[in-house]
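# Close look at the chain arrangement
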Amino acid sequence: MSSERKPSLTTIFLARHGQSESNNQKLITGQLDVHLSERGREQSESLARCLADEPLAAIYTSALVRTVETAQPTASAKQLAIVSLPALNEIHLGVLQGRHRDERDTQAQMLWAQWQADLWNYRVPGGETFTELAQRAGQALEDILQRHREQ
């Protein structure tokens, strides 16, 4: 009989924030700090129902209000504090944030197309690359995994 111990798994549930007011207006949000729309609040309640039977050890969000609002019903139901980490914030989209990416703003439309053509490496002026986002958020995820090993 082997004394080898099977590694226990850590389970992470990932959820995108609910619909925001900027989503309603068809604006590029990035790191703009906007609230959820009415539909987004309904989605956050639905998320809480989906996770009702799941044992959660912690709830982490980005530092953006729309993510905290999305997590709030679950946190209340589970009686857990929300831990907000800026490292989990959405990608910073620089000069595109708050603008339309369609024919209403042709300059933004052009920058959006350049970004879409090379997501991992293109930097919107004033923003960050997906590679930088992945490094930032990846490190935060590693820290969370270490903190909650086998939970």
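The notes below deal with the structure included here. Every chain is numbered independently, its residues counted from 1 as its sequence is written. The model is predicted, so local features are restricted to residues of pLDDT at least 70 and side-chain atom pairs to those at 80 or more, both for listing and for counting; the totals for chains, interfaces and linings are taken over all residues. Side-chain calculation: all heavy atoms of the structure are included, whereas hydrogens and water are not.

## Focus on a nonpolar patch on the surface
Side chains of Ile12, Leu14 and Leu141 sit close together on the surface and give an oily, nonpolar patch of about 290 Å² of accessible area. Looking at the element boundaries, Ile12 is found in the segment before helix 1 (21-24). By definition, no residue in a patch forms a salt bridge, and every one has over 30% relative accessible area; like charges are joined within 9 Å, nonpolar side chains (Val, Leu, Ile, Met, Phe, Trp, Tyr) within 5 Å. The accessible surface values rely on the Shrake-Rupley method and a 1.4 Å probe; as for residues, cover is taken only from the protein chains in view. When a carboxyl oxygen of Asp or Glu is within 4 Å of a side-chain nitrogen of Lys or Arg, the pair counts as a salt bridge. Strands are runs of DSSP state E lasting at least 2 residues, helices are runs of H or I lasting at least 4, and numbering of each runs from the N terminus.

## Some words on the packing of helix 2 (residues 38-50) against helix 3 (residues 65-78)
With their axes 8 Å apart at the nearest point, helix 2 and helix 3 run at an angle of 40 degrees to one another. As summarised for this structure, helix 2 and helix 3 are arranged oblique, according to the angle between their axes. Judged by the sense of rotation from one axis to the other, the crossing of helix 2 with helix 3 is right-handed. In this structure, helix 2 contributes Ser44, Glu45, Leu47 and Ala48 to the contact, and helix 3 contributes Glu69, Thr70, Pro73 and Thr74. Only Asp, Glu, Lys and Arg are considered charged, only Ala, Val, Leu, Ile, Met, Phe, Trp, Tyr, Cys and Pro nonpolar, and every remaining residue, Gly among them, polar. Residues that form the contact of helix 2 with helix 3 fall into these classes: three nonpolar, three polar and two charged. Axis geometry follows a simple rule: fit a line to the C-alpha atoms, using only the stretch in contact for helices, then measure angles between N-to-C directions, giving values from 0 to 180 degrees. An angle below 35 degrees is treated as roughly parallel, one above 145 as roughly antiparallel, one from 65 to 115 as roughly perpendicular, and anything else as oblique. Crossings are assigned a handedness: left-handed for a near helix turned anticlockwise from the far helix by less than a right angle, right-handed for a clockwise turn. Residue contacts are counted whenever heavy atoms from the two residues lie within 4.5 Å of one another.

## Structural notes on helix 3
Expected span of a helix, by definition, is 1.5 Å for each gap between consecutive residues, and there is one gap fewer than residues. Helix length check: helix 3 (14 residues) gives 20 Å between terminal C-alpha atoms against 20 Å at 1.5 Å per residue, within 8%. Maximal helix bending in helix 3 amounts to about 40 degrees, located at Gln72; proline Pro73 follows within four positions. Here helix 3 has its buried residues at Arg66, Thr67, Thr70, Ala71, Pro73, Thr74 and Ala75. Elements that come into contact with the buried residues of helix 3 comprise helix 2, strand 1 (59-61) and strand 2 (82-84). Here the bend at a residue means the angle between the axes of two seven-residue stretches, the one that ends at it and the one that starts at it. Exposure classes here rest on a 1.4 Å probe applied to the protein chains alone. A residue is buried below 20% of its type maximum, exposed above 50%, and partly exposed in between.

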